[in-house]
Amino acid sequence: MKFFVDTADIEEIRDLAATGLLDGVTTNPSLVAKAGRDFFDVLADICACVEGPVSAEVTAIEFESMIEEGRKLAALANNIAVKVPLTWDGLKACRLLTQEGTKVNVTLCFSLSQAVLAAKVGATFVSPFVGRLDDISHDGMDLIADIKKIYDNYESFTTEILVASIRHPGHVVEAARLGADICTVPPVVLRKLASHPLTDRGLEQFLEDWRSTGQKILN
Ligand code: E4P
């Protein structure tokens, strides 16, 4: 399973990239607004720091302007994946941008029928939003399981399932259990994946016992 980080905060991205755990980055207009920086500067910084796909979202909602924006974003770096919303115009834009050789991430996917269409137009990634489904009392992970089953039925469906709107480590573990291709994880959740109170307690005890020996590994 690949890990993308879901943020436009370059400091967080640099820090997490140094672990070797990052396979890509996803941004969206809300995350860019939160970062409070120029969109193009942010993308240049991220693409210089991460080799894998960096999702940059169009803000146009009509086909022609989506294509114009998508081409401009794609020209910024080889690893840009243009993000388009799962609308008719977005699907049309996905098809054309994909035919032009651009990676496309179809975002805001909330249903199986939408996921089928994303695969039909050749999206590189489809982003089902599990947390937002959970928020309205649906089970986001059920959608992931069903998309996976359907995609596995057809060799021609090569779209990768990019689990988005992740809220806690359980979402990541369940996505891995279901065989999703990628999770895009907020930095705070990514860090939580490594933590366990028994690890902290165990380490504390080992260090205390080690100190009592008066020995050192390095002098
Ligand atoms: C995905 O690419 C989106 O940026 C993101 O996962 C949305 O998550 P949210 O529901 O926490 O805003």
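Structure's up top.
A quick note: this is a predicted structure, and the numbers were derived from the prediction, not measured. (Residues numbered from 1 in each chain as written. Predicted model: local features only at pLDDT ≥ 70, side-chain atom pairs only at ≥ 80, totals over all residues. Heavy atoms only, no water.)

Draft legend 1. Local environment of a nonpolar patch on the surface. Together, Trp210, Ile217 and Leu218 line one region of the surface with nonpolar side chains, adding up to about 390 Å² of accessible area. Inspection of the secondary structure assignment puts isoleucine 217 in the segment after helix 11 (197–213). Residue class for isoleucine 217 comes out exposed when judged on its relative accessible area of 74%. (Patch = residues over 30% accessible without salt bridge, like charges linked within 9 Å, V, L, I, M, F, W, Y side chains within 5 Å. Areas by Shrake-Rupley, 256 points an atom, 1.4 Å probe, with all protein chains shown as cover. Salt bridge = Lys/Arg side-chain N within 4 Å of Asp/Glu carboxyl O. Helix = DSSP H or I, 4+ residues; strand = E, 2+ residues; numbered from the N terminus. Buried < 20%, exposed > 50% of the residue type's maximum accessible area, 1.4 Å probe, protein only.)

Draft legend 2. Structural view of the site of the ligand. Asp6, Thr26, Asn28, Lys83, Phe129, Arg132, Ala164, Ser165 and Arg167 make up every residue found near the ligand. In this structure, an oxygen atom belonging to the ligand sits 2.7 Å away from a side-chain N or O atom of arginine 132. Arginine 167 is positioned such that a nitrogen or oxygen atom in its side chain is 3.1 Å from an oxygen atom of the ligand. Bound to the protein, the ligand loses 85% of the 340 Å² it would expose on its own. For the shell around the ligand, a count of residues per class yields two nonpolar, three polar and four charged. (Near = heavy atom within 4 Å. Polar contact = N/O pair within 3.5 Å; in protein donor to acceptor, adjacent residues only side chain to side chain. Nonpolar A, V, L, I, M, F, W, Y, C, P; charged D, E, K, R; others polar.)

Draft legend 3. The arrangement of the pairing of strand 1 (residues 2–6) in detail. When you tally the buried positions in strand 1, you get four out of five residues, the bulk of the element. With four bridges joining them, strand 1 and strand 8 (residues 182–185) adopt parallel strand pairing. Residue pairing in the sheet places phenylalanine 3 in a bridge with cysteine 183 of strand 8. Relative to strand 2 (residues 24–26), strand 1 is paired through three bridges, and the arrangement is parallel. Each residue of the ladder has a partner; that of phenylalanine 4, found in strand 2, is glycine 24. Once the chain exits strand 1 it traverses helix 1 (residues 10–17) before rejoining the sheet at strand 2, and the crossover so formed is right-handed. (Pairing = 2+ DSSP bridges. Right-handed = clockwise from strand over helix to strand, strands pointing away.)

Draft legend 4. View of a negative patch on the surface. A surface patch of negative charge is lined by Asp200, Glu204, Glu208 and Asp209. Counting through the fold element by element, glutamate 204 comes out in helix 11. (Lys, Arg positive; Asp, Glu negative; His and termini not counted. Charge placed at Lys NZ, Arg CZ, Asp CG, Glu CD.)

Draft legend 5. The pattern of salt bridges, seen in detail. With the rule as written, the count across this model stands at 11 salt bridges. Measuring nitrogen to oxygen at the nearest pair gives 2.7 Å for the salt bridge that ties aspartate 15 to arginine 191. Residue aspartate 15 is located in helix 1, and its partner arginine 191 is located in helix 10 (residues 187–192); the two are separated by 176 residues in the primary sequence. Among the charged side chains, a network of salt bridges with common partners joins Glu12, Asp15 and Arg191.

Draft legend 6. Region of the structure containing the pairing of strand 3 (residues 54–57). On strand 3, burial covers both faces: Val54 and Ala56 on one face and Ser55 and Glu57 on the other are all buried. Where strand 2 lies against strand 3, two bridges are found, and the strand directions are parallel. The residue bridging threonine 26 from the neighbouring strand is serine 55, located in strand 3. Bridging between strand 3 and strand 4 (residues 80–85) involves four bridges; their strand directions are parallel. Opposite serine 55, over in strand 4, you have alanine 81 as the bridge partner. Remark: the strand 3/helix 4 (residues 63–74)/strand 4 crossover connection has right-handed handedness.

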